[in-house]
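# Chains, contacts and geometry: an overview
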Amino acid sequence: MPTDDAAADGGADAASDDPSDEEVVETAAEAADRVVFSRFDRSAVDDLDVTVTFEDGILEVDVYLNAPDASGDPDRVADDAALAARGAVDDLFA
């Protein structure tokens, strides 16, 4: 019969398998950057701000993209970048 300590250790091991908050944030930000720069040249992007927070298991991603000279829709690319960031984090937990 397992002791309380053994049960607690099992729970801690399961939690340690989850990525750290820092890893979640970095993964999301990198995924967003990849989407933006796969669609636009760096020279076409005047400003890119990717804000990612992960607190209490809640992920928030905000992508601001200013690319007035880009040959595409910056709003659509920013939305796609945010979706890619969320997807990358989902993959971390899969």
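Relevant structure appears above.
First, a word on scope: everything that follows refers to the structure included in this document. Residue indices begin from 1 for each chain and proceed along its sequence in written order. Reporting in this predicted model follows two pLDDT cut-offs: at least 70 for local features of residues, and 80 or more for side-chain atom pairs to be given and counted; totals over whole chains, interfaces and linings ignore these cut-offs and use all residues. To obtain the side-chain values, all non-hydrogen atoms of the structure were used and water was disregarded.

## Digging into the packing of aromatic side chains
The cut-off we apply is this: Ring pairs are drawn from Phe, Tyr and Trp, using the six-membered ring of Trp, whenever the two centres fall within 6.5 Å, and their geometry is named by plane angle: stacked under 30 degrees, edge-to-face over 60, tilted for the rest. Put simply, DSSP marks the helices as runs of H or I at least four residues long and the strands as runs of E at least two long, and each gets a number from the N terminus on. Here the term buried applies to any residue with accessible area under 20% of the maximum for its type, exposed to any over 50%, and partly exposed to those in between, with areas from a 1.4 Å probe on protein chains only. Put simply, a charge is over a ring when the Lys NZ or the Arg CZ is close to the ring centre, within 6 Å, and near the line of the ring normal, within 35 degrees.
Evaluation of the coordinates by the stated rule reveals 1 aromatic pair. Ring geometry for Phe54 versus Phe93: centroids 6.1 Å apart, planes at 40 degrees, classification tilted. Of this pair, Phe54 sits in strand E1 (residues 47–55) while Phe93 sits in helix H3 (residues 74–93), placing them 39 residues apart in sequence. Judged by relative accessible area, Phe54 falls into the buried class, the value being 12%. Here Phe93 falls in the partly exposed class, since its relative accessible area comes to 38%. Across the ring face of Phe37, the terminal group of Arg42 is positioned such that the distance to the ring centre comes to 4.0 Å.

## Thoughts on the pairing of E1
The following threshold applies: When DSSP finds two or more bridges between a pair of strands, those strands are recorded as paired.
Two strands pair when backbone bridges link them, and E1 and strand E2 (residues 58–66) are joined in this way by 9 bridges, in the antiparallel orientation. Each residue of the ladder has a partner; that of Glu55, found in E2, is Ile58.

## Topic: the nonpolar core
Quick reminder of the rule: Working definition of a nonpolar core: buried Ala, Val, Leu, Ile, Met, Phe, Trp, Tyr and Cys residues. They are joined through side-chain atoms within 4.5 Å. Note on definitions: a residue-residue contact is assigned when non-hydrogen atoms from the two residues lie within 4.5 Å.
Phe40, Val63 and Leu65 are the most contacted members of the largest nonpolar core, which totals 22 residues. Looking at this core, the elements with two or more residues in it are helix H2 (21–39), E1, E2 and H3. With 6 residues, H3 is the largest single contributor of residues to this core. Ignoring any residue separated from it by four or fewer positions in sequence, one finds Val63 in contact with Ala32, Leu48, Asp49, Val50, Ala78, Ala81 and Ala82.

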